[in-house]
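Each chain is listed here by its residues.
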Amino acid sequence: MKFFLDTANLNEIEKYSHIIDGVTTNPSLLAKEMKSSSQNDLLKKICDTVKGPVSLEVISQNCDEMIKEALELSSIADNVVVKVPMTPDGLKATKKLSEMCVKTNVTLIFSSNQALLAAKAGATYVSIFVGRLDDIGYSGINIVKETAKILENYNFDSEIITASIRNPMHVLDAALSGSHVATVPPNVLTLMFNHNLTDAGLQKFMDDWRSVKNNSNNDL
Ligand code: E4P
């Protein structure tokens, strides 16, 4: 499974660049980072820092405007994937963009039928928001499992991005469910590295090593 980092924060992207395969942003994430630099500067820097795909979202709601915006975003760098909302106009734009060989990420997907429609429109990625579904009492991961089965049944090329991840269990469940990608917020990626037994084990190895070193120095 590929890991994308779900952030527009350049420091976090640089910190995890050795482990991630791409980045996803959205207007809320970008708004948090735009105090320090202009939008175009920031987008360019993110695309230059990341080797893999970088999802940048359109703001327009109507098909023709989305396409215009998508082409502007695509001109920023070769690794741009245009994020389009899961709406009738969004899927019309997705279809046209896929015919123009522009990669798309259909976002705000909350049901397997929405994912199926996005795949039929030619989406490169379908982003299923598991955390927001869990928040309202549904199982987000069930939608990922169903969508994985549907895409496999009909040999769709679209890849599932498990999005709106809130904790390391979501990442594990995404991997077990056949999601192609998990887009992980930096705080969750940090938690995935940690285990008390790793820290305790490392401490013990170092203590044992130092005690032998100290004893052998005393023997001399
Ligand atoms: C996905 O591409 C979105 O940026 C993101 O996962 C949304 O997550 P949220 O529900 O934490 O805002």
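Remember, predicted model here, so these are calculated numbers, not experimental data.

Asker: Would you mind going over the overall build of the chain with me for this structure?
Answerer: For the chain, the count of helices and strands is 11 helices and 8 strands. Based on the C-alpha atoms only, the size of the chain along its principal axes is roughly 80 × 40 × 30 Å. Residues classed as buried in the chain amount to 37% of the 220 residues present. In the chain, 53% of the contacts between residues at least 6 apart in sequence involve partners at least 24 apart.

Asker: Can you walk me through the sheet that holds strand 5 (residues 104-109) in this structure?
Answerer: Strand-to-strand pairing in sheets goes through backbone hydrogen bonds, with the strands running parallel or antiparallel. Pairing is parallel around the closed barrel formed by 8 strands, whose spatial order is 1-2-3-4-5-6-7-8. Neighbour to neighbour, the strand axes of the sheet diverge by 30° on average, direction disregarded. Looking at chain direction, strand 7 (residues 159-163) and strand 8 (residues 181-184) are connected through 2 bridges and run parallel. By the bridge assignment for strand 8, Thr162 is matched with Ala182. With respect to the sheet, helix 8 (residues 140-153) is in contact with strand 6 (125-129) and strand 7, its orientation differing from that of strand 6 by roughly 155°.

Asker: Hey, could you run me through the site of the ligand in this one?
Answerer: In the neighbourhood of the ligand, the contacting residues comprise Asp6, Thr24, Asn26, Thr107, Ser127, Phe129, Gly131, Arg132, Ala163, Ser164 and Thr183. Of all the elements in the fold, those that place two or more residues in the shell around the ligand are strand 6 and helix 7 (130-135).

Asker: Teacher, can you tell me more about the pairing of strand 6 here?
Answerer: Within a regular strand, side chains alternate between the sheet's two faces. Along strand 6, 5 of the 5 residues are buried, which leaves the element largely enclosed by surrounding structure. A two-sided burial pattern is seen for strand 6, the buried positions comprising Tyr125, Ser127 and Phe129 on one face and Val126 and Ile128 on the other. Between the parallel elements strand 5 and strand 6, the chain passes through helix 6 (residues 112-120) in a crossover that is right-handed. As judged from the 5 bridges shared by strand 6 and strand 7, these two strands associate in the parallel manner. The residue of strand 7 that forms the bridge with Ile128 is Thr162.

Asker: Explain the nonpolar core here, please?
Answerer: In this structure, Ala70, Val82, Ala118, Val126 and Ile128 are the most contacted members of the largest nonpolar core, which totals 53 residues. Sorting elements by how many residues they give to this core places helix 8 first, with 5 residues. Setting aside residues no more than four positions away along its own chain, Ala118 makes contact with Met86, Leu91, Thr94, Val106, Ile109, Ala123, Val126 and Ser158.

Asker: Honestly, unusual backbone geometry in this entry has me stumped. Any pointers?
Answerer: Negative phi is the rule for most residues except glycine; trans is the rule for most peptide bonds. Even without glycine at this site, Asn155 takes up a positive phi of about 50°. Looking at where Asn155 falls in the secondary structure, it is placed in the loop between helix 8 and strand 7. Backbone geometry at Ser164 places phi at a positive 55°, although glycine is not the residue there. Take Ser164: it is sitting in the loop between strand 7 and helix 9 (168-176).

Asker: Explanation requested: helix 6 in the structure shown.
Answerer: Each α-helix winds once per 3.6 residues, and so residues spaced three or four apart point in a common direction. Restricting attention to buried positions, one finds in helix 6 the residues Ser112, Ala115, Ala118 and Ala119. Take helix 6 and look down its axis: the buried residues cluster within an arc of 120°, on one side only. Looking at the buried side of helix 6, the elements it contacts are helix 5 (88-99), strand 5, strand 6 and helix 8. Positive phi appears at Gly122, one or two residues downstream of helix 6, with a value of about 95°.

Asker: For this particular structure, what's the right way to read the packing of helix 6 against helix 8?
Answerer: Their axes nearest at 9 Å, the elements helix 6 and helix 8 cross at an angle of 35°. Helix 8 is crossed by helix 6, and the crossing has right-handed handedness. Two secondary-structure elements touch here, helix 6 through Ser112, Ala115, Leu116 and Ala119 and helix 8 through Ile143, Glu146, Thr147, Ile150 and Leu151. In terms of residue class, the contact of helix 6 with helix 8 is made up of 6 nonpolar, 2 polar and 1 charged.

Asker: I keep staring at the pairing of strand 8 and nothing clicks. Help me out?
Answerer: Going residue by residue along strand 8, you find Val181 and Thr183 tucked away on one face and Ala182 and Val184 tucked away on the opposite face as well. In this structure, strand 1 (residues 2-6) lies alongside strand 8, joined through 4 bridges in parallel fashion. Of the residues in strand 8, the one forming a bridge with Lys2 is Val181. Between the parallel elements strand 7 and strand 8, the chain passes through helix 9 in a crossover that is right-handed.

The rules behind the values
- Residues numbered from 1 in each chain as written.
- Predicted model: local features only at pLDDT ≥ 70, side-chain atom pairs only at ≥ 80, totals over all residues.
- Helix = DSSP H or I, 4+ residues; strand = E, 2+ residues; numbered from the N terminus.
- Buried ≥ 20, exposed ≤ 12 C-beta atoms within 10 Å, placed from the backbone.
- Contact = placed C-beta atoms within 7 Å.
- Pairing = 2+ DSSP bridges.
- Axes fitted to C-alpha atoms, helices over the stretch in contact; angles between N-to-C directions.
- Near = placed C-beta within 6 Å.
- Right-handed = clockwise from strand over helix to strand, strands pointing away.
- Core = buried A, V, L, I, M, F, W, Y, C linked by C-beta atoms within 7 Å.
- Arc of directions from axis to C-beta.
- Left-handed = near helix turned anticlockwise from the far one by under 90°.
- Nonpolar A, V, L, I, M, F, W, Y, C, P; charged D, E, K, R; others polar.

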